[in-house]
Every structure is written in C-alpha cells, then in structure tokens.
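In case you want the letters, here they are:
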Amino acid sequence: MRYISTRGTAPILSFEEAMLTGLARDGGLYVPEEIPTLTKAQITAMQGASYEDVAFTVMRPFIGDTFTDAEFRELIANAYATFGHAARAPLVQLAPNHFLLELFHGPTLAFKDFAMQIIGQMFQKALGRKGERVTIVGATSGDTGSAAIEAFRGLDNVDVFILYPHGRVSEVQRRQMTTPVEANVHALAVDGDFDDCQARLKDMFNDFEFRDRVKLAGVNSINWGRVLAQVVYYFSSAVSLGAPAREVSFTVPTGNFGDIFAGYIAKRMGLPIKDLVVATNQNDILDRCLKGQGYHKGVVHPSISPSMDIQVSSNFERALFDAYDRDGNAVAQLMTELGQGGFDVSQGAMQVLQSIYKSGRASEDETSDTITTFLKTTGELLCPHSAIGVKVADEQREEATPMITLATAHPAKFPDAVEAATGIRPPLPPRMADLFERPERLTRVANDLDALKSHITKALNL
Ligand SMILES: *Cc1c(COP(=O)(O)O)cnc(C)c1O
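The sections below set out a description of the structure shown in this document. (Residues numbered from 1 in each chain as written. Predicted model: local features only at pLDDT ≥ 70, side-chain atom pairs only at ≥ 80, totals over all residues. Heavy atoms only, no water.)

## Focus: the site of the ligand
Near the ligand, the surroundings consist of 15 residues, among which Lys-112, Asp-143, Gly-255, Asn-256 and Thr-408 are the closest. A distance of 2.4 Å is found between an oxygen atom of the ligand and a side-chain nitrogen or oxygen belonging to Asp-143. Contact distances for the ligand include 3.0 Å between an oxygen atom and a backbone N or O atom of Asp-259. Considered on its own, the ligand offers 380 Å² of accessible surface; in the complex 98% of this is hidden by protein. Taking a 2 Å distance to the grid points as the criterion, the majority of the atoms of the ligand fall inside the largest cavity. (Near = heavy atom within 4 Å. Polar contact = N/O pair within 3.5 Å; in protein donor to acceptor, adjacent residues only side chain to side chain. Areas by Shrake-Rupley, 256 points an atom, 1.4 Å probe, with all protein chains shown as cover. 1 Å grid on protein atoms, 1.4 Å probe; cavity = no way out; pocket = protein on both sides within 12 Å on 5 of 7 lines; lining within 4 Å. Sits in = over half its atoms within 2 Å of the grid points.)

## Some points on the packing of aromatic side chains
One pass over the full model with this rule turns up 20 aromatic pairs. Ring geometry for Phe-257 and Tyr-357: centres 5.1 Å apart, planes at 65 degrees, overall edge-to-face. Of this pair, Phe-257 sits in the loop between strand E9 (248-253) and helix H11 (258-268) while Tyr-357 sits in strand E13 (residues 357-361), and the two are 100 residues apart along the sequence. The class for Tyr-357 is buried, based on a relative accessible area of 3%. For the ring pair Tyr-264 and Tyr-357, a centre distance of 6.2 Å and an interplane angle of 45 degrees mean the geometry is tilted. Residue Tyr-264 is located in helix H11, and its partner Tyr-357 is located in strand E13; the two are separated by 93 residues in the primary sequence. (Phe/Tyr/Trp six-rings, centres within 6.5 Å; stacked < 30°, edge-to-face > 60°. Helix = DSSP H or I, 4+ residues; strand = E, 2+ residues; numbered from the N terminus. Buried < 20%, exposed > 50% of the residue type's maximum accessible area, 1.4 Å probe, protein only.)

## Examining the sheet that holds strand E7 (residues 185-190)
Spatial strand order, E8-E5-E6-E7-E15: five strands in an open sheet with parallel pairing. The sheet terminates laterally at strand E8 (216-217) and strand E15 (443-445), the two strands that pair on one side only. Pairing between strand E6 (residues 158-165) and E7: six bridges, direction parallel. Bridge pairing links Pro-165 to Val-190 in E7. (Pairing = 2+ DSSP bridges.)

## So, the environment of His-301
Tracing the backbone shows His-301 in the loop between strand E11 (295-296) and helix H13 (316-323). In this structure the C-alpha to C-alpha distance between His-301 and Asn-283, which are 18 residues apart in sequence, comes to 6.5 Å. Apart from the residues lying within four places of it in its own chain, the contact partners of His-301 are Gln-282, Asn-283 and Asp-309. (Contact = heavy atoms within 4.5 Å.)

## Looking at H13
One turn of an α-helix holds 3.6 residues; hence residues three or four places apart share an orientation. Across the eight residues that make up H13, a large majority, eight, are buried. Listed in full, the buried residues belonging to H13 are Phe-316, Glu-317, Arg-318, Ala-319, Leu-320, Phe-321, Asp-322 and Ala-323. Residue Asp-325 follows H13 closely and has a positive phi angle near 55 degrees.

## Quick notes on the nonpolar core
By size, the foremost hydrophobic cluster in this structure holds 116 residues, and its most contacted members are Phe-123, Phe-152, Tyr-233, Tyr-234, Phe-235, Phe-250 and Tyr-357. Counting residues per element, this core draws most heavily on helix H10 (residues 224-240), which supplies eleven residues. Residues Val-190, Leu-201, Val-445 and Ile-456 belong to the second largest nonpolar core, which totals 22 residues. (Core = buried A, V, L, I, M, F, W, Y, C linked by side-chain atoms within 4.5 Å.)

## Observations concerning the environment of Leu-38
You can see Leu-38 is positioned in the loop between strand E2 (30-32) and helix H2 (40-44). Taking the C-alpha atoms as reference points, Leu-38 and Arg-268, 230 residues apart in sequence, are found 9.4 Å from one another.

## Observations concerning the sheet that holds strand E4 (residues 98-102)
A sheet is described by the order of its strands in space; here six strands give the open sequence E3-E4-E14-E9-E10-E13, paired in mixed fashion. Either end of the sheet is taken by a strand with one partner, and the two such strands are strand E3 (91-95) and E13. Across the sheet, the mean angle separating the axes of adjacent strands is 25 degrees when strand polarity is ignored. With four bridges joining them, E3 and E4 adopt antiparallel strand pairing. Across the sheet, the residue bridging to Gln-93 is Phe-99, located in E4. Of the strands in this sheet, E3, E4, E9, strand E10 (273-280) and strand E14 (403-407) touch H10, which is tilted by about 140 degrees from E9. The sheet strands contacting H11 are E9, E10, E13 and E14, and the helix crosses E10 at an angle near 170 degrees. (Axes fitted to C-alpha atoms, helices over the stretch in contact; angles between N-to-C directions.)

## So, the packing of H13 against helix H14 (residues 328-339)
Close contact between H13 and H14 brings their axes to 9 Å; oriented N to C, the two are set at 135 degrees. Taken together, the axes of H13 and H14 lie oblique to each other. The hand of the H13/H14 crossing is right-handed. Contacts between H13 and H14 pair Glu-317, Leu-320 and Phe-321 from the former with Gly-328, Val-331, Leu-334 and Met-335 from the latter. Of the residues in the contact of H13 with H14, the class split is five nonpolar, one polar and one charged. (Parallel < 35°, antiparallel > 145°, perpendicular 65-115°, else oblique. Left-handed = near helix turned anticlockwise from the far one by under 90°. Nonpolar A, V, L, I, M, F, W, Y, C, P; charged D, E, K, R; others polar.)

## Side note on the packing of helix H6 (residues 143-152) against helix H7 (residues 171-178)
How two helices sit against one another is set out by the angle between their axes and by the gap between those axes. Here H6 crosses H7 at 30 degrees, and the two axes come no closer than 8 Å. By the criterion of interaxial angle, the relationship of H6 to H7 is roughly parallel. Crossing angle aside, the handedness with which H6 passes H7 is left-handed. Touching Asp-143, Gly-145, Ser-146 and Ile-149 of H6 are Gln-173, Gln-176 and Met-177, all from H7.

Function cannot be inferred from these measures alone, as they are strictly geometric.
Here it is, written out as structure tokens:
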C-alpha cells in the first residue's frame, strides 16, 4: 500500500513513513493510492466480533508490511485496553431507528482516544525498532491535545508539544493536558485561537530546517493513521444494526473533517452507508460550502462546542482531492486561493461532494435546547458536540434507514454547557475524579513562529 499527497508533488511513502511524517512536504495530506475493499463475507464476519477484531480486519489492508499480523494485533489490544467500556464503542438507542454511538469511553473522554491510543502504540513500535526519537507537535482545540498527551506520556522515543488556544479550552480539557507529570510532555498555551495554533503548526512543518533538526512528527487529524483508526467504529456500529444486509446512515459532529472523512473511507471500503451527514455549530463554513456557497473563511466565533470552533477544516482537502478526480494541481491551486480568503468549488466537484455528504448546522440555542430535550425524552445527557449531531440527525433522518449519530465527547468534559442546559453538573467517571486536585504545568507562548521554535529547541536542549 502506497501513500500519495493531495497536492501531487511530495514523495510517495509507505504506511509507516506517511504515519511518522504527518503533513506532506508539498503542504498536502497523505492518502492511500487506492482504497481497498472488504467483501460482504468479511463484513458479515464482523457480526458479534470484538471491537479489536473488527479493528484488525478494517485496518490491516492499509498498513502493508509495517507490522506483522501478530504485532498489529498486540498493538490494537494495548490501545483499547485503556478504555472504560468493554464494548469500546457502545450503541445506545435514542428513538425508533435513531442510535447514539458513544465514542467517549477512552482515557480522555472524547473520540480522539480511538485514534490516538493506537497511533501511540504504532509510533512506539516503529521508532523503537529503528532506535529513533521524534518530536511530536500538535495543535488542539482541546481534545486532540489531551488525547495525544495521554497516548504518548512517558514513551521513550517521543517528546510531545501541544499548542492550545489560551483561555479557549474547557477546564477539564486544559487539566488533562497540564497535569501529566512526565517530562516528555509539554503543554503550550498560545495567545490566539485554534486556527492560529493550526497555522503555526503548519508553519513549523513548512520550515524544513527546523523540521529536520527536531525530527518533527505530526499527530493532528491530518495524520493518515488517525483517519484510518476512525474507520473502524463505522464498521462495528453498522454491523450491530444489520450491515452489510442493511443500509445505515451516520451524522457526525464535524470540525476538521477527519471523523466524517473516515466514514467516507468506510463507505468506499464497501460498508453500505446511505447518508453521511456533516453537522456543524455556528462556525458553519462546511455547511455553507456543501450547500454550494463556496469555501470562504470567516472569523471563529467561540461556542459551547469548542472542539468544532474551526474555519479552516484541514481534512476537507482530502475530500476535495477525490472530488477533483485526484488532481493534485487543482487542489494546490484551491489551497493557494484559500490562503487569500477562500475559493469556489467547481460544479463537477460540487456534484461529487453533494452525492456523498449532506449537512446541517446548530446554533448555540439549538444546541442547548437539544441537550435539554434529550435528557427529558431519553435520560441521556449529551455533550454539546454530540447534541449538535443529534439535532441535525433528527432533521435529516429517514424512517426507513437507521441513523447513527456519533457522540464525540463525554458530557463531563463540557460541564458548564451541560449544567446551563439541564441544571445537572455531570460528574467525571471515578477513574479520573481527582483531576481538579492535580497540579498544573504549562507555558504561555506568543502566537509567533520564532517564539514557538525557540521554546521547543530550548526544551529539547538543541
Ligand atoms: C475533534 C472533535 C470533533 C470534530 O472532529 P473532526 O474530526 O475534527 O471533524 C467533534 N467533537 C469533539 C468532542 C471533538 O473532540
């Protein structure tokens, strides 16, 4: 299996290289040269299987000879052993034919643990046998950072630096990043918003001298390994509801487009998915784009669903690459236009996108109202991100097809918004109940490339 860049000019890499590299050297994102498909029999065989077994079947065709089967099974087992639920990704019913896929039973209570835990295992294995050390730098709107720190803390061959927007993450998110005591973990509070953090991260990757000096590696949602790990729960949940004999639809609370793109990969692999619905908050560039209004950046309006407060959706580039018939030049051109404010999608590409993705948005009030309503009608306490998914799913779902809405975080990760909507302050699960007593460790850094670079090289003694 070979990996190519969405901008067409970076070297072609193996799975291991693409995973360790993150962003391609032409600024693009790595995607598999071809999408492997699973047979109906292979999908049927997932019925009743463990999450780990489904993960092996789904991911195996993508990893080439990076790991042996036995090694890969062991990495998968280690990754999900840290979860607080035996099913890993349990389904809960909300209404006739509407289901909630609970993706928040990992160590940091958000779906990003599904990808980050296995990425941590794969990095450790691949680097350990090469005797190499890398510096992982990530940008986060809150959940990626805590998931990355949790996955890499204390590992021998990595240092982790996480850039998060100062004052714009929830207290639980911040504490999950600032309380680990391991010396290889560094939380950096940047004076800016998430898009600034993401832009500085891209700057570091495009600074080849710095990139090579610190052996920079990325685990943001642009990392192909992350997208791949997320394909698994589309299969495990659909199969529980009768796939491949029965079609299902998914609604996905979306920010950087990584999670929903994993759904598209599942569909391409042969999972019978009818609709893939993108759900956004008031930062709705994706909803507007999918409704044919072009992709034009606005300013980020902080919301009660901060992990979706995004204007530039990095993984959307992968969707555009396929919509433009894998024309790297066309994608590079669009991204240049985006640097100047935005672009319009060609008619042909728009048709492709609209044939795959539907979309909707939820305002702040609609999000709160959904949390209130679903507590009353189902007893489920939804986090604000999941509530956006549920609201949009309710508008778009059809009676005949089961709708699975992805619950992306535990309500206790966003207690203020949940309490404002319901009067209930959701408690943290017992395994992390002392989070508020642990001492914090963080560094404030200016929204400036040179300041960040010098902080990182000093911390590494380079
Ligand atoms: C990251 C995140 C999202 C958005 O996921 P993308 O893959 O960036 O689209 C939604 N909800 C929560 C809780 C998240 O942490």
